[in-house]
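Notes for the structure review
Residues per chain are reported as follows:
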Protein chains: 2
Amino acid sequence: MKTVPKPTTESGATTDVPLTAEELQLASRNHAMPLEMLAADRTPAGMHYVLIHFDVPAIDAGAWRLRIGGAVRRPLEFTLAQLQAREQRTLAVTLECSGNGRSLLKPRPVSQPWIHGGIGTADWTGTPLAPLLAEAGVEPESVDMVFTGADRGVQGDEEQNYARSLNVSESMSPDVLLLAYAMNGAPLPPQHGFPLRLVVPGWYGMASVKWLTGIEAITVPFTGFQQMSSYRYTSDEADLGQPVTRMKVRALMVPPGIPYFMTRDRLVNAGQVLLRGRAWSGRAPIRQVKVAVDGVWSEAQLDPPDGEFAWRGWTFRWQAEPGRHQLMCRAMDALGQVQPLEPEWNYLGFGNNAVQKVQVTVRS
Amino acid sequence: MKTVPKPTTESGATTDVPLTAEELQLASRNHAMPLEMLAADRTPAGMHYVLIHFDVPAIDAGAWRLRIGGAVRRPLEFTLAQLQAREQRTLAVTLECSGNGRSLLKPRPVSQPWIHGGIGTADWTGTPLAPLLAEAGVEPESVDMVFTGADRGVQGDEEQNYARSLNVSESMSPDVLLLAYAMNGAPLPPQHGFPLRLVVPGWYGMASVKWLTGIEAITVPFTGFQQMSSYRYTSDEADLGQPVTRMKVRALMVPPGIPYFMTRDRLVNAGQVLLRGRAWSGRAPIRQVKVAVDGVWSEAQLDPPDGEFAWRGWTFRWQAEPGRHQLMCRAMDALGQVQPLEPEWNYLGFGNNAVQKVQVTVRS
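As recorded in an unreviewed UniProt entry, chain A goes by Sulfite oxidase and comes from Arthrobacter sulfonylureivorans. Per UniProt, chain A has the following entry under Cofactor (unreviewed entry): "Mo-molybdopterin".

Next up, the structure:
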């Protein structure tokens, strides 16, 4: 076996503040997508990110029902087979956890300590939500639709089923929101919401409620924990701040070469290296991706778009010279939004889309 | 929403020594099985533990070959289709990472910081290894068979493909070692070794080499990094110690009730609670499982065995009284081996099968 130089630990991918026991427990349960999977258009179920607030509920699909109620003219109830018999649609959707990048903030908010891997792209198959709501007849005084999952636990001193709302017009977006029963052509795996989940393209993942059992129209704004106490951009504990909604613009790269087991730094052979990655934004199409080698920025080449809601591939040919180098990538969307070079801190650690930094040792 | 008392943080499931950045990177890549999945006989692919030393390799199954060579009379080469056309066998096998429980050791060895979830049980389908080796004709002077994967990186200053050996007689065990191309009836997912992996029932997971490309008979004992420098029970850096081989006896329980998001402590309603879990040993069948409530031990009821190599279910009816309680479970195998009550430390943090402790708040 060949001995190679061991790099110093400066991956830039983590923080120098030690982690707590609670963060380890969360990191152990909530799976990241290993970044080499950015090479795949679609993320296999077991490699797609998973954020589970409480436990994965064990659901008997035969006994399971979806109930649509509240301020509607005709409350409805569906079996899984009834939903599967309705109009079927498949959408390729990139989902990202709104806490992605949290562990890179300083000081670090203590919750699920994502580095960069809270992402994934899958083909979600289901039936559009809007026609179902039309059938139920949402009363005109309704303001929010509340989506409730079967997962239950205690967070922020409140016992709760996980529940999130969208306003009525968001919920009625034609042909976009799906009630999904399949992922990449197979039934939903338990951890992705079996038997049914909401998929809200363009939004951070907290909106795409898993293990969905109820949809309720309400006539006052929803004040549930996951809507008003969490998933908000705030400056301190007292600040109500602004809600987390759509995914911010972001690019990530496949770390080139081979990894060091412990530091996850990369070892690359000198010569031409094809860097590649993906970019996305929940607000607009991707317009440009740039790559920096030791701080010098150049434009990457974009692959053709892959539908309206999936990430977009990009490539960049790098002439790698021996030595230590830092690579970065940075996306801009059609609204001109770009990623910050350094993390923008907020109290709960949401939406950190700062550019990825990859440390590479090139050998001749 | 109902407000419930927030417990103090004393889950017993973690350590009070803060984690390092490198451990977070490893925990983010290497997926644990959430313990509620102990309720399922078979672990779905995306919930089964995964330990990946380097990167998940992207393999073109059409171009992929398995080569059997070294000290054999007839070197052989197989396509995936050729292996799939041979004798097919499906085995239910419990796999556990030998580092499972590492984060509970004090002082804590710095590597993948498993708590309890480095486990899973799947149906593995493939072709038995022994007839293939017989066909190749292993030379009588051979001592070890080396199994090499396509995953490559740097560990312990050595650049390497992941490789592990078994001695010739272990490798030739009839009808036990599988070259597996399917998991739970589906093609191997990328993270579990697509297109082919070794499955060594009874052994800790490091023996079940993924992304298998080569099997080589050698006439001197294998000294590769993963055989001689890692996966050993040692007392310090200089100690060669003893190799890690078969899984130690262990029981784990499904944490009852519902979780607190941050502490992962449990909230349970008073009354009769059915505790359940699984137990296994890589050396002998499970003979007994005991459950302790606040330190008082009682015998649990064993489910029927589930084949020779899968975990065995157990249940225990607990009359839960209001207050704070600590639950434990402890298995014994047919050789009389029992789990230690406290972790047994070793330098690299392998084989920690100390009993699980679950903190529960019971409300009336």
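1. Details of the sheet that holds strand E22 (residues 323–333) of chain B
All names here are of chain B. Pairing is mixed in the open sheet, where six strands are placed in the order E15-E16-E23-E22-E18-E19. For this open sheet the edge positions go to strand E15 (258–259) and strand E19 (296–299), each flanked by a neighbour on one side alone. As defined by bridge partners, E22 adjoins strand E23 (residues 356–363) across seven bridges and the pair is classed as antiparallel. Within E23, the position partnered with Gln-326 by the bridge is Gln-359.

2. A word on the sheet that holds strand E21 (residues 312–320) of chain B
Residues and elements named next belong to chain B. Spatially, four strands are ordered E14-E17-E21-E20 in an open sheet, and the strand pairing comes out antiparallel. Of all strands in the sheet, those bounded by a partner on one side alone are strand E14 (250–253) and strand E20 (301–302). As paired elements, E14 and strand E17 (residues 271–280) share four bridges and run antiparallel to each other. When the bridges of E17 are listed, Leu-252 appears paired with Arg-278.

3. A few points about the side chain of Glu-159 of chain A
The topology assignment puts Glu-159 of chain A in strand E7 (residues 158–167). The buried category is assigned to Glu-159 of chain A, whose relative accessible area is 6%. A polar contact of 3.1 Å, which involves the side chain of Glu-159 of chain A, links it to the side chain of Arg-152 of chain A. Among the polar contacts made by the side chain of Glu-159 of chain A, one reaches the side chain of Arg-363 of chain B at a distance of 2.5 Å.

4. Notes on the confidence of the model for chain A
The predicted model of chain A averages 94 in pLDDT, with 95% of residues at 70 or higher. Considering only residues more than four positions removed or in separate chains, one finds that residues 1–15 of chain A, a stretch of pLDDT under 50, has 48 contacts.

5. A closer look at the domain arrangement of chain A
Residues and elements named next belong to chain A. Examined at the domain level, chain A breaks down into domain 1 (21–243) and domain 2 (250–363). Its C-alpha centre places domain 1 at a distance of 27 Å from the equivalent point of domain 2. The partner domain 2 presents 24 residues to the 41 residues of domain 1 that form the contact. Both sides of the domain 1 and domain 2 interface together cover about 2900 Å² of buried area, and 59% of this is carbon and sulfur. Applying the counting rule to domain 1 against domain 2 returns three salt bridges. Across the pair Glu-96 and Arg-250 runs a salt bridge whose closest N-O atoms are separated by 2.7 Å.

Thresholds applied
Residues numbered from 1 in each chain as written. Chains lettered and ligands numbered in written order. Predicted model: local features only at pLDDT ≥ 70, side-chain atom pairs only at ≥ 80, totals over all residues. Heavy atoms only, no water. UniProt positions renumbered as here; feature names shortened; annotations may be inferred. Pairing = 2+ DSSP bridges. Helix = DSSP H or I, 4+ residues; strand = E, 2+ residues; numbered from the N terminus. Buried < 20%, exposed > 50% of the residue type's maximum accessible area, 1.4 Å probe, protein only. Polar contact = N/O pair within 3.5 Å; in protein donor to acceptor, adjacent residues only side chain to side chain. pLDDT = per-residue confidence, 0-100. Contact = heavy atoms within 4.5 Å. Domains from an automatic or database assignment. Buried area = accessible area lost by both parts, 1.4 Å probe. Salt bridge = Lys/Arg side-chain N within 4 Å of Asp/Glu carboxyl O.

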